[in-house]
Amino acid sequence: MCRHLAFLGPPTPLAELLLAPEHGLLTQSWAPRHQRNGLMNADGFGAGWYAPGDPVPARYRRAVPMWADSSFADVARVTSSTAVLAAVRSATPGTTPDEAAAAPYTDGPWLFSHNGRVDGWPRSVEALAAALPPARLLGLEARVDSALLWAMVQERLAAGAAAPDALAAVVADVSARTTGRFNLLLTDGATIAATAAGDTLCWRRDGAGTVVASEPSDDGPGWQQVPDGSVLTATREHVDVRPLVPAQTGAAPSQGSAAASRSSSSSVL
Ligand code: GLN
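All figures in this text were calculated on a predicted structure; none of them were measured in a lab.

Undergrad: Teacher, can you tell me more about the pairing of strand β9 (residues 202-206) here?
TA: In summary, the side chains of a regular strand alternate between the two faces of the sheet. With five bridges connecting them, β9 and strand β10 (residues 209-213) associate as antiparallel partners. Its bridge partner lying in β10, Trp203 is registered against Val212. Hairpin connection from β9 to β10: two residues lie between these consecutive antiparallel strands. As defined by bridge partners, β9 adjoins strand β11 (residues 224-225) across two bridges and the pair is classed as antiparallel. Looking across to β11, one finds that Cys202 is bridged to Gln225.

Below you can see the structure in the form of structure tokens.
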């Protein structure tokens, strides 16, 4: 499904990160190389970035393919940032088609994206939706599985969870109830958290900065694949990858219930 990318590093023009690389997000919108589901990502795109001295990111989203928006190319050419999160979208059938459903989703300092789908949505995750405070549900920006996942992540963050723990807990909660692909990506401009849960994910850290992406932007050296079933944490100095469910023994139902009850209790805090 979609492809997404997050960056931390020295001030870098958005065009250099997203548009210029031979196999960057722009190319991935019509010719992704490693996408496991879907042929292209032409149902919209979005980019969020941080300006100096302002913790709340700017966001630019459109419902058109990235290649069809020459205004973005112009803005991206002259806009530099030290932290960026961007995505190109292949909409899951039955979801909101307009820009309200295009990542990144925002809340305060956060930028969030979901690459994947929740199978059986919305019925399969009714109980998870019901566990959210009504205001959180009413505040969903669009009718799409990704918006529900973002609301669940927001609840975890609001309850004090660290970003990678919030993502891992939401993947556990949803996986306990249905199948799907749950590659989540989250940044506050200082740290990137990401899950590899059903689709591809890789990272690279060099003098140009740290990139975490669905797939490599070029054929250069240094790209590391993230094993499926992992949660990644990246800062400017360090990248850490660990298993999503460290103690997984194959006893999915009982572990799932344990994860689910943890989720419900922290959701109501
Ligand atoms: N399910 C999400 C949507 O419809 C993400 C889709 C994707 O990863 N292609 O936007």
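Moving on from the coordinates now.
Undergrad: Any chance you could explain the pairing of strand β7 (residues 180-187) here in plain terms?
TA: Among the eight residues that make up β7, seven are buried, leaving the element largely enclosed by the rest of the structure. When β7 meets strand β8 (residues 192-196), the two strands line up antiparallel, connected through three bridges. Following the sheet pairing, Leu185 is matched in β8 by Ala194. As consecutive antiparallel partners, β7 and β8 are separated by four residues, and within that stretch Gly189 has a phi angle of approximately 95 degrees, a positive value.

Calculation rules
Residues numbered from 1 in each chain as written. Predicted model: local features only at pLDDT ≥ 70, side-chain atom pairs only at ≥ 80, totals over all residues. Heavy atoms only, no water. Pairing = 2+ DSSP bridges. Helix = DSSP H or I, 4+ residues; strand = E, 2+ residues; numbered from the N terminus. Buried < 20%, exposed > 50% of the residue type's maximum accessible area, 1.4 Å probe, protein only.

Note that all results are geometric; they support no functional claim without further evidence.
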